[in-house]
Amino acid sequence: ARMEELAQRFPGRLAREMIGADVAGTPIYALRVGDPGRPTFVIQAAMRPGEWVNAEALLRSCLFAREKVLGASSVELVPDLEATAWAAFGQKKFAEAEALMLRSLSLQETAYGMEDLKLIPSLLGMTRVTSAKLNEAGTTRLLERVVAIREKQRGPDHPELAADLSRLARQHVSQAR
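One structure accompanies this document, and this report is about it. (Residues numbered from 1 in each chain as written. Predicted model: local features only at pLDDT ≥ 70, side-chain atom pairs only at ≥ 80, totals over all residues. Heavy atoms only, no water.)

1. A closer look at helix α7 (residues 159-176)
And then number 1: Counted at 1.5 Å a residue, the expected span for α7 with its 18 residues is 26 Å, and the 26 Å between its end C-alpha atoms agrees.
And then number 2: Those residues of α7 lying buried are Leu161, Asp164, Leu168 and Gln171. For α7, the arc enclosing every buried residue in end-on projection is 80°, short of the 170-degree limit, so these residues lie on one face. Pointing more than 90 degrees away from the buried face of α7 are the exposed residues Pro159, Arg170 and Ala176.
And then number 3: On its buried face, α7 is in contact with α6 (136-154). (Helix = DSSP H or I, 4+ residues; strand = E, 2+ residues; numbered from the N terminus. Expected span 1.5 Å × (residues − 1). Buried < 20%, exposed > 50% of the residue type's maximum accessible area, 1.4 Å probe, protein only. Arc of directions from axis to C-beta. Contact = heavy atoms within 4.5 Å.)

2. A closer look at the nonpolar core
And then number 1: Core analysis: the biggest nonpolar cluster contains 28 residues, and Leu77, Leu81, Met101, Leu123 and Val129 have the highest contact counts within it.
And then number 2: When contributions to this core are tallied by element, the ones reaching two or more residues are α2 (52-70), α3 (78-90), α4 (94-112), α5 (120-132), α6 and α7.
And then number 3: For this core, the element with the highest residue contribution is α3, accounting for six residues. (Core = buried A, V, L, I, M, F, W, Y, C linked by side-chain atoms within 4.5 Å.)

3. Remarks on the pattern of salt bridges
And then number 1: Within this structure, the stated rule accounts for twelve salt bridges.
And then number 2: Note that Glu109 is salt-bridged to Arg145, the shortest N-O span being 2.8 Å. Separated by 36 residues along the polypeptide, Glu109 in helix α4 and Arg145 in helix α6 bring together distant segments of the chain.
And then number 3: For Glu109, a relative accessible area of 19% gives the class buried.
And then number 4: Two residues, Asp164 and Arg167, come together in a salt bridge whose shortest N-O distance is 2.6 Å. On the criterion of helical spacing, the pair formed by Asp164 and Arg167 is a turn pair, its members being three residues apart in helix α7.
And then number 5: Taken together, the shared-partner salt bridges in this structure form one network comprising Arg150, Arg154, Glu160, Asp164 and Arg167. (Salt bridge = Lys/Arg side-chain N within 4 Å of Asp/Glu carboxyl O.)

4. Thoughts on the environment of Glu56
And then number 1: Looking at the secondary structure, you find Glu56 in helix α2.
And then number 2: On the accessibility criterion, Glu56 (4% relative accessible area) is buried.
And then number 3: Between the C-alpha atoms of Glu56 and Ala83, which are 27 residues apart in sequence, the distance is 8.4 Å.
And then number 4: Excluding anything up to four places from it in sequence, Glu56 contacts Thr84, Ala87, Ala88, Gln91, Lys93 and Glu96.
And then number 5: At 2.4 Å, the side chain of Glu56 forms a polar contact with the side chain of Gln91.
And then number 6: Looking at Glu56, its side chain comes within polar contact range of the side chain of Lys93, at 3.0 Å. (Polar contact = N/O pair within 3.5 Å; in protein donor to acceptor, adjacent residues only side chain to side chain.)

5. Some remarks on the packing of α5 against α6
And then number 1: The N-to-C vectors of α5 and α6 enclose an angle of 165°; their axes lie 8 Å apart at closest approach. Classified by the angle between their axes, α5 and α6 sit roughly antiparallel to one another. Note on packing geometry: the crossing formed by α5 with α6 is left-handed. Contacts between α5 and α6 pair Ile120, Leu123, Leu124, Met126, Thr127, Thr130 and Ser131 from the former with Gly138, Thr139, Leu142, Leu143, Arg145, Val146, Ile149 and Arg150 from the latter.
And then number 2: For the contact of α5 with α6, the residue count by class is eight nonpolar, five polar and two charged. (Axes fitted to C-alpha atoms, helices over the stretch in contact; angles between N-to-C directions. Parallel < 35°, antiparallel > 145°, perpendicular 65-115°, else oblique. Left-handed = near helix turned anticlockwise from the far one by under 90°. Nonpolar A, V, L, I, M, F, W, Y, C, P; charged D, E, K, R; others polar.)

The following block contains the structure:
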């Protein structure tokens, strides 16, 4: 599910397609990372539930290869970083997932500024990581930042702001327990 979300966030830069099935009937997927007009990396693998170890290793290889081509500070690495983070998260490697997500956020902040709407999906993803690490204060700070960005960019009456405020309220209730 996380790979589909990333593919939607980065159309044309990350794509996951079912290309067939193995002899046991397990779907085989191709995962393409990168702008089709630039060097790309393609992974083809059968993914069974819970098979995050292989995915993480392949995604780290992809990230390494694309860093060599694009440079370590390229915002085009964001889909690679976040896909690798979610593979680490799936293995409960929360510290590694957090480090990858923080790097993704840093690249985006440098490219787009600290208050750009493009940061919100990554900030919300990061809340999942901080929650899993039981870092309630960190989760609250991230949600407060989402609210501040959305309110500044879209105004106080925007419907998405209501959803963000609801998330923040639920977080405050969770902290109070």
